[in-house]
Amino acid sequence: EKDTEVENVEEQCEKVREPPLKKQRTDERLSTPFDRVIFIDSTWNQTYRIFNDERLKGLQCVILKDHVTHFWRHQRDKPDTFLATVEAIYYFLREHHDIFVGTAYDGRFDNLLYFFSFMFQI
């Protein structure tokens, strides 16, 4: 049943209005199609209930499917693309930078993963 809940979140995210990533140029930079980002920080089993909360209805949804987790406590029976929250934040910021900032990535978000990578080495 819990796997079904996660699949339902993914299906609903696909139905939710995704950000228009059409490249709109403004002075050689792309304009960001959103003002804020909300990350759901919970267990995967709680995600479905949180995602369906009335207060979140109508928000745009982004799913990061192209990254593999390096979390030391891998989610049992879940694909390795289910990221830890700090990984999701990091990869979102990296992708946002690559798409909308227009300069080469300079490592500005790498410190987000400092303690995460340290714990991975233990």
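Scroll up to find the structure this text is about.
Attention here is on the structure that accompanies the text. (Residues numbered from 1 in each chain as written. Predicted model: local features only at pLDDT ≥ 70, side-chain atom pairs only at ≥ 80, totals over all residues. Heavy atoms only, no water.)

This brings us to the overall build of the protein. The secondary structure content of the protein amounts to four helices and two strands. Counting from the amino terminus, the protein carries its helices and strands in the arrangement α-β-β-α-α-α. Per-residue burial over the protein gives 23% buried out of 122 residues. Long-range contacts, defined here as pairs at least 24 residues apart, represent 60% of the contacts in the protein between residues at least 6 apart. (Helix = DSSP H or I, 4+ residues; strand = E, 2+ residues; numbered from the N terminus. Buried < 20%, exposed > 50% of the residue type's maximum accessible area, 1.4 Å probe, protein only. Contact = heavy atoms within 4.5 Å.)

Nonpolar side chains in soluble globular proteins tend to be buried together. Judged by nonpolar contacts, Phe34, Leu64, Phe71, Leu83, Ala84, Ala88, Tyr90, Tyr91, Phe92, Phe109, Leu113 and Phe116 together constitute the single largest core of twelve residues. The contacts of Phe71, once residues within four sequence positions are left out, are Ala84, Glu87 and Phe116. (Core = buried A, V, L, I, M, F, W, Y, C linked by side-chain atoms within 4.5 Å.)

For the structure shown, the criterion picks out five aromatic pairs. With 6.1 Å between their ring centres and 25° between their planes, Tyr105 and Phe109 make a pair best called stacked. Looking at Phe109, the relative accessible area reads 18%, which means it is buried. An aromatic cluster is defined as three or more aromatic residues linked by ring pairs; in this entry it consists of Phe34, Phe39, Phe92 and Phe100. (Phe/Tyr/Trp six-rings, centres within 6.5 Å; stacked < 30°, edge-to-face > 60°.)

A full pass over the atoms with the stated rule returns two salt bridges. Between Asp53 and Arg55 there is a salt bridge, and its shortest N-O distance comes to 2.8 Å. Measuring nitrogen to oxygen at the nearest pair gives 2.9 Å for the salt bridge that ties Arg108 to Asp106. (Salt bridge = Lys/Arg side-chain N within 4 Å of Asp/Glu carboxyl O.)

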